[in-house]
Amino acid sequence: MAKVKKQPRPKALPPKGFRDYFGTEVSERKAMLDQIAEVYHLYGFEALESSAVETVEALGKFLPDVDRPNEGVFAWQEDDSDWLALRYDLTAPLARVYAQHRNDLPTPYRRYAMGPVWRNEKPGPGRFRQFYQCDADTVGAPSVAADAEICAMLSDTLERVGIPRGDYIVRVNNRKVLNGVMEVAGLSGDDKEAERGIVLRAIDKLDRLGPDGVRALLGKGREDESGDFTKGAGLSDEQADVVMGFMEAKRASGAETVARLNQLVGGSDIGLSGVQELETIAALIEAQGYGSDRIEIDPSVVRGLGYYTGPVYEAELTFEIKDEKGRPRQFGSVAGGGRYDDLVKRFTGQAVPATGVSIGVDRLLAALRAKGRMEAKVPGPVIVTVMDRDRMASYQAMVGELRAEGIRAEVYLGNPKNFGNQLKYADTRESPVAVIEGSDEAERGVVQLKDLVLGAKIAETATLEEWKGQPAQREVARNDLVAEVRKMLAGDA
């Protein structure tokens, strides 16, 4: 008889590019999402929850091939018909929702959305395939006043979650200005689409390659440190001068920057339109009291210029952190967005103006942790220990009273035989107080309250002089349980 092959046990590991989040991390994220939602709600935006799964057709950016849609999304085929995919952002679902319900929604429609998105991309340090985004968008408002409002709201949001003024900047640019620059440089028209694509990709690498590296990509090309050669756009020196002038057009004030951009776009109508929009945004944010220390016009912002149709904006954290090798560097971008007037058109056939911003919640949390700006840990629950199994109803009554007064509490539900293990459990849970009631205490109508925070401090201190007169455990009347626990928690706080 053949021996039955034993099935191997599954590995207790998450898939590559994914991770698990435990109590404190989940609590920190929820607290941040609540803070962001408060600001969005203050600005009049309404919450929307859309499906995490969309048809690939609705997502629009990816199409099926022989086996599955192109790399970039997690997708599967449904019953030999539609391809479905996990959403890769919160904007594409908004376009579908608005197109579907536009007759029932107000115009403009102001919505915010929060939740995980999924990217089927190569993971790396701090880069996961599932992460949280927090978006706010206005659909149906053609005025750049909507863009100015988004920038102001982004500034308020960063300050609300704990990024003070001086540690961030919201930078604003306009795709139309770049289109005007392309026109002046002789790169407009369908026959120049390939060159424009190379130019856009080169501009997008400014932070990483610097001006010299971008200049090389605008010309014949660039060879990196490994010897790999990237073909350039093949622009002449004069054409490259125009593009580089655009990227280096920032001046000391918004007005001076706008004036310089006016010079660069020359007689280009679309370029002048973009400059006028930036001028309007600058005036609107200034009227609301947002100075250049919070929001500034900066032509070097190039995020998503192939996707957006007008103003684009990016929130960058300007303080220094240490990288994995201990080298100082700026944290960088944590949010971005812009105007995208063509996205809903895919469904309706008509252009629908829209603008919005997306905050990378996980990156923002990482930034706050790097600067030690997360709030103190939420204390664990009060632990009611079990001295007598037969008195479980009494212990459950205690936690019921504590919970009724809003105090987090639980009964120890492990094996109560070893009392030391109960206190070790309380330490693991970072509990501030342990409640002890044996048969003796029950007969006398009292309980013992053990201050675990004070006890830990006494254990760590070389001398007890500092803690004399502050016993870590005291006896109180059973009827005073809730009041005495509340006092102890207030003292720990």
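Scroll up to find the structure.
Rules used throughout
- Residues numbered from 1 in each chain as written.
- Predicted model: local features only at pLDDT ≥ 70, side-chain atom pairs only at ≥ 80, totals over all residues.
- Heavy atoms only, no water.
- Helix = DSSP H or I, 4+ residues; strand = E, 2+ residues; numbered from the N terminus.
- Rg over C-alpha atoms; globule rule 2.2 N^0.38 Å.
- Buried < 20%, exposed > 50% of the residue type's maximum accessible area, 1.4 Å probe, protein only.
- Contact = heavy atoms within 4.5 Å.
- Areas by Shrake-Rupley, 256 points an atom, 1.4 Å probe, with all protein chains shown as cover.
- Lys, Arg positive; Asp, Glu negative; His and termini not counted.
- Charge placed at Lys NZ, Arg CZ, Asp CG, Glu CD.
- Disulfide = S-S within 2.5 Å.
- Arc of directions from axis to C-beta.
- Polar contact = N/O pair within 3.5 Å; in protein donor to acceptor, adjacent residues only side chain to side chain.
- Salt bridge = Lys/Arg side-chain N within 4 Å of Asp/Glu carboxyl O.
- Pairing = 2+ DSSP bridges.
- Core = buried A, V, L, I, M, F, W, Y, C linked by side-chain atoms within 4.5 Å.
- Expected span 1.5 Å × (residues − 1).

Visitor: Would you take a moment to explain the overall build of the protein chain for this structure?
Guide: Scanning the protein chain from N- to C-terminus turns up 17 helices and 18 strands. Its C-alpha atoms give the protein chain a radius of gyration of 29 Å, more than 25% over the compact-globule value 23 Å for 493 residues. Dimensions of the protein chain, computed from the C-alpha atoms along their principal axes, are close to 95 × 75 × 55 Å. Counting every position in the protein chain, which comprises 493 residues, the buried fraction comes to 44%. Long-range pairs, those at least 24 residues apart, make up 67% of the contacts in the protein chain with a sequence separation of at least 6. Counting only carbon and sulfur atoms, one obtains 49% of the accessible surface of the protein chain, whose full area is about 26400 Å². Placing the 66 positive and 78 negative side-chain charges of the protein chain at their respective mean positions leaves the two points 5 Å apart.

Visitor: Please clarify how the state of the cysteines should be interpreted in this entry.
Guide: Two cysteines whose sulfur atoms are joined by a covalent bond form what is called a disulfide. What the rule picks out here adds up to zero disulfides. No disulfide involves Cys134; its sulfur sits 16 Å from the nearest other cysteine sulfur, which is in Cys151. For Cys151, a relative accessible area of 1% corresponds to the buried category.

Visitor: Where do I start with helix 14 (residues 419-428) in this structure?
Guide: Quick reminder: α-helices carry 3.6 residues per turn. Residues three or four places apart thus point the same way. Taken residue by residue, helix 14 has Gln422, Leu423 and Ala426 as its buried positions. Along helix 14, the residues classed as buried sweep out an arc of 95° about the axis, all on the same side. What points out from helix 14, more than 90 degrees from its buried face, is the exposed set Lys424, Asp427 and Thr428. The backbone nitrogen of Gly420 lies 2.9 Å from a side-chain oxygen of the residue at the head of helix 14, namely Asn418. Just downstream of helix 14 lies Glu430, where phi reads positive at about 55°.

Visitor: Can you walk me through the pattern of salt bridges in this structure?
Guide: Any two side chains of opposite charge can pair, on the condition that their charged atoms come close. Throughout the structure, instances matching the rule amount to 26 salt bridges. The salt bridge partner of Glu314 is Arg171, with a shortest N-O separation of 2.7 Å. Within this pair, whereas Glu314 is found in strand 11 (residues 311-322), its partner Arg171 is found in strand 7 (residues 168-174), the two being separated by 143 residues in sequence. Here Glu316 ties to Arg171 by a salt bridge, and the two come within 3.3 Å at their closest N and O atoms. On the criterion of sequence distance, the pair formed by Glu316 in strand 11 and Arg171 in strand 7 is long-range, its members being 145 residues apart. Taking relative accessible area as the criterion, Arg171 reaches 8% and is therefore assigned buried. Through salt bridges with shared partners, a single network forms among Asp156, Glu159, Arg165 and Arg294.

Visitor: So what exactly am I meant to see when it comes to the pairing of strand 16 (residues 433-436) here?
Guide: Each regular strand carries side chains that alternate between the two faces of the sheet. The side-chain alternation of strand 16 yields two buried faces, one formed by Val433 and Val435 and the other by Ala434 and Ile436. Where strand 14 (residues 382-384) and strand 16 come together, two bridges link them in parallel fashion. Across the sheet, residue Val384 finds its bridge partner in strand 16, namely Val435. Sheet analysis places strand 16 next to strand 17 (residues 446-451), joined by four bridges and oriented antiparallel. From the neighbouring strand, Val435 faces strand 17, where its bridge partner is Leu449.

Visitor: Looking at this model, I keep getting lost on the nonpolar core. Mind explaining?
Guide: Buried together is how nonpolar side chains tend to be arranged in soluble globular proteins. Formed by 74 residues in total, the largest nonpolar core has its most connected members in Tyr40, Ile163, Val199, Leu218, Leu317 and Leu364. Looking at this core, the element that brings in the most residues is helix 4 (residues 145-160), giving seven residues. With near-sequence residues (within four places) excluded, Val199 lies in contact with Met182, Leu187, Leu218, Ala233, Leu235 and Val243. Listed in part, the 19 residues of the second largest apolar core include Val386, Tyr395, Val433 and Val485.

Visitor: Sorry, what's going on with helix 1 (residues 23-42) here?
Guide: Given a rise of 1.5 Å per residue, 20 residues ought to cover 28 Å, and the 29 Å separating the end C-alpha atoms of helix 1 matches this to within 8%. Listed in full, the buried residues belonging to helix 1 are Glu28, Arg29, Met32, Leu33, Gln35, Ile36, Ala37, Val39 and Tyr40. Gly44 occupies a position one or two residues after helix 1 and carries a positive phi of about 90°.

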